[in-house]
Amino acid sequence: MCGIVGYVGRKSAKPILIEGLKRLEYRGYDSAGIAVVHDGRLHVCKSAGRITGLEERLDGNAEIQAGAVGVAHTRWATHGPPTEENAHPHTDCTGRIAVVHNGIIENYSALKQVLEDKGHTFGSDTDSEVLAHLISEFYRNDENDDNAPSERQVLRDNITGETPVPRPRDLARAVQQALREVAGTYGLAVVCADEPGMIIAARKGSPLIIGVGADEYIVASDASAIVEHTVNVIYLNDNEMAVMDETGLRTLTIDNVPVSKQVQQIEWSLEQIALGGFEHFMLKEIFEQPEALRNSCRGRLDLRENRIQLGGIAHLSRELVKTRRIVLTACGTAWHAGLIGEYLFEDLARIPTEVEYASEFRYRNPIIENHTVV
Ligand code: GLU
C-alpha cells in the first residue's frame, strides 16, 4: 500500500522524508518521489522502483537538501503504470503546487476534462494529478470564492473612493474548495511555493496522522514514520484537514468548521506499531484480510459498468491476452496467496500457473518462454 510523509519545521526536510518513506516500505509500493520548497521554488524528484533509486537521484541535489518543508510518497499504482511520470508528487501547470495522494479520485476523468477545457495540461495518467490542478485553479482564482467582497462592499468602496485591498490568496480555502468537488478517497498532503512555510493535510477514507514536535510537524499515513521524531500525535478523521505553518497547527473540516483535536501519545514501539496491536504478523495479516481485499478492489472493481480496471497494467492488456503460462513469485504469506492465485488462474482462465519462492527464483536460471507472464 502507498505511503505519505510530510514535514514542516526548521530541519532539512529531505532526510526526515526519506527515512519516513523507508519506514513505510513494508507496506509495498512501485515508485517514490519527493517535493521540497526552497528559496521560493518547488523542487521535485521522482523515480520508478525502489526508494534507494530515488536517493541516488537526490545525491548532490543541494536545493532539495536545503528545504525545510516538503512532502514525499510511495505509490501503489491504481491509475496509470508505475512510471516516473505517474509517481507522486504531482504538480500543477505552474510547478508551484505539489500534492501527494493516497486513494482514488473516482470522478477524475470528468474533473480532468473541465480542467483541460480551462487550459490545464496534464503530465501523467493518474487520477491524483487532478488534485494539483484543481487546487491550483481555486488558488489562482481565489477572488471568485464566496468570501469575496460583496456587491454592497464594492459599491461602498466606489463611493468612498477607497481602493479595495486585494484579499490574500488562501491555500487552505483552495484545498477545501477542491476537495468539495472530489468523489472518492484520499489521504493527501499539499505544499505550495507561494506559501513556503506551510503544509496542508486532509483525509477521507485513507489514514493520516500528524506528529506534533517542537517547532515542527510530521504528517504520515502510518505512525511508524513519526515515532522516531515524536510520540505526540493528532489523528485526523474523515473530512478533516490540518493546516500547519510557523504560527502553529489548525484543524478544521473540509466545510471550514474549526475542530479542536486532542494531542495523544503513542505508547507503542516501532515494532509494535508495525504489528498494529497483534501478537505476531500472521495474526495481523489474517485480521487485515477484509480491509486488504477492500483496498485491493477499491477503484478497480466497477460494479455499475460490470468492469475490472487494473490501471497499473492496462497498457499491457494486448500482451496479456497472449499469455500461455503464469509464474507467481512470492515469499511467506504472499506465497500462500499465490497458491490461491494458481487455483483461480487455472480454473477460470485455464492458463497453466505455478508459484515459486521469490527468494530462490532470483538465483536460478529459469526457463521463461515467450508469452510467459512472471
Ligand atoms: N490513485 C493514485 C495513483 O494511481 C494513488 C495510488 C496510491 O494510493 O498510491 O497514482
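This is a predicted model, so every value here is computed, not measured. (Residues numbered from 1 in each chain as written. Predicted model: local features only at pLDDT ≥ 70, side-chain atom pairs only at ≥ 80, totals over all residues. Heavy atoms only, no water.)

**Student:** Please explain the overall build of the protein chain as it appears in this structure.
**Tutor:** If you tally the helices and strands in the protein chain, you get 13 helices and 19 strands. Its C-alpha atoms give the protein chain principal-axis dimensions of about 85 × 45 × 40 Å. Counting only residues that meet the buried cut, the protein chain has 45% of its 374 residues in that class. In the protein chain, once contacts between residues fewer than 6 apart in sequence are set aside, the share between residues at least 24 apart is 66%. For the protein chain, the computed accessible surface area is about 19,800 Å², with 51% contributed by carbon and sulfur atoms. For the protein chain, the distance from the average position of its 38 positive side-chain charges to the average position of its 54 negative side-chain charges is 2 Å. (Helix = DSSP H or I, 4+ residues; strand = E, 2+ residues; numbered from the N terminus. Buried < 20%, exposed > 50% of the residue type's maximum accessible area, 1.4 Å probe, protein only. Contact = heavy atoms within 4.5 Å. Areas by Shrake-Rupley, 256 points an atom, 1.4 Å probe, with all protein chains shown as cover. Lys, Arg positive; Asp, Glu negative; His and termini not counted. Charge placed at Lys NZ, Arg CZ, Asp CG, Glu CD.)

**Student:** Hey, could you run me through the pairing of strand β2 (residues 31-38) in this one?
**Tutor:** A large share of β2 lies buried, amounting to seven of its eight residues. Of the strand pairs in this sheet, β2 and strand β3 (residues 41-48) are connected by eight bridges, and their pairing is antiparallel. Looking across to β3, one finds that valine 37 is bridged to leucine 42. Between β2 and β3, which follow one another and run antiparallel, lie two residues, and aspartate 39 among them has a positive phi close to 60 degrees. As paired elements, β2 and strand β4 (residues 69-75) share seven bridges and run antiparallel to each other. Bridging across to β4, alanine 35 finds its partner in valine 71. (Pairing = 2+ DSSP bridges.)

**Student:** Before we go on, may I ask you to explain the packing of helix α5 (residues 129-140) against helix α7 (residues 171-180) in this structure?
**Tutor:** Each packed pair of helices is defined by two parameters, the angle between the axes and the distance between the axes. Axis separation between α5 and α7 bottoms out at 8 Å; the angle between their running directions is 125 degrees. With respect to each other, α5 and α7 are oriented oblique. Relative to α7, the crossing made by α5 is right-handed. On α7, the residues that touch Leu131, Leu134, Ile135, Phe138 and Tyr139 of α5 are Leu171, Ala174, Val175, Gln177, Ala178 and Leu179. (Axes fitted to C-alpha atoms, helices over the stretch in contact; angles between N-to-C directions. Parallel < 35°, antiparallel > 145°, perpendicular 65-115°, else oblique. Left-handed = near helix turned anticlockwise from the far one by under 90°.)

**Student:** Which parts of the structure should I look at to understand the environment of isoleucine 64?
**Tutor:** Following the sequence through the fold, isoleucine 64 ends up in helix α3 (residues 62-66). Here the alpha-carbon distance between isoleucine 64 and lysine 14, two residues 50 residues apart in the chain, equals 6.6 Å. Ignoring sequence-local partners within four residues, the contact set of isoleucine 64 consists of Lys14, Ile34, Val36, His43, Val44, Cys45 and Leu58.

**Student:** What am I meant to see in the pattern of salt bridges here?
**Tutor:** Oppositely charged side chains can pair when the atoms bearing their charge come close. This model, assessed by the stated rule, comprises 19 salt bridges. The salt bridge partner of glutamate 369 is arginine 325, with a shortest N-O separation of 3.1 Å. Within this pair, whereas glutamate 369 is found in the loop between α13 (358-361) and β19 (372-373), its partner arginine 325 is found in strand β17 (residues 325-330), the two being separated by 44 residues in sequence. What makes arginine 325 buried here is its relative accessible area of 18%. Residues glutamate 356 and arginine 364 are paired through a salt bridge, measuring 2.6 Å at the closest nitrogen-oxygen approach. Residue class for glutamate 356 comes out buried when judged on its relative accessible area of 15%. (Salt bridge = Lys/Arg side-chain N within 4 Å of Asp/Glu carboxyl O.)

**Student:** For this particular structure, what's the right way to read a nonpolar patch on the surface?
**Tutor:** On the surface, Leu301, Leu303, Ile308, Leu310, Ile313, Leu316 and Leu320 cluster together into a nonpolar patch covering about 630 Å² of accessible area. With respect to the secondary-structure elements, leucine 310 resides in the loop between β16 (307-308) and α11 (317-320). For leucine 310, a relative accessible area of 42% translates into the label partly exposed. (Patch = residues over 30% accessible without salt bridge, like charges linked within 9 Å, V, L, I, M, F, W, Y side chains within 5 Å.)

**Student:** I tried to follow the site of the ligand on my own but got confused; where do I start?
**Tutor:** Around the ligand, 14 residues are found, and the nearest of them are Cys2, Arg75, Thr78, His88 and Asp127. At a separation of 2.9 Å, an oxygen atom of the ligand approaches a polar backbone atom of tryptophan 76. Measuring from an oxygen atom of the ligand, one finds a side-chain N or O atom of histidine 88 at 2.8 Å. The fraction of the free accessible surface of the ligand (300 Å²) that becomes covered by protein chains is 98%. Looking at the shell around the ligand, the elements with two or more residues in it are β4 and β6 (97-102). Residue composition of the shell around the ligand, by class: three nonpolar, nine polar and two charged. (Near = heavy atom within 4 Å. Polar contact = N/O pair within 3.5 Å; in protein donor to acceptor, adjacent residues only side chain to side chain. Nonpolar A, V, L, I, M, F, W, Y, C, P; charged D, E, K, R; others polar.)

**Student:** Would you explain the packing of aromatic side chains in this entry?
**Tutor:** Each aromatic ring pair is specified by the distance between its two centres and by the angle formed by the two planes. Tallied over the entire structure, the rule returns two aromatic pairs. On the basis of an interplanar angle of 20 degrees and a centroid distance of 5.4 Å, the ring pair of phenylalanine 278 and phenylalanine 287 is categorised as stacked. Judged by its relative accessible area of 27%, phenylalanine 278 falls in the partly exposed class. Classification of phenylalanine 287 by relative accessible area gives exposed; the value is 54%. Taking 4.6 Å as the distance between ring centres and 0 degrees as the angle between the ring planes, the aromatic pair formed by tryptophan 335 and tyrosine 357 counts as stacked. (Phe/Tyr/Trp six-rings, centres within 6.5 Å; stacked < 30°, edge-to-face > 60°.)

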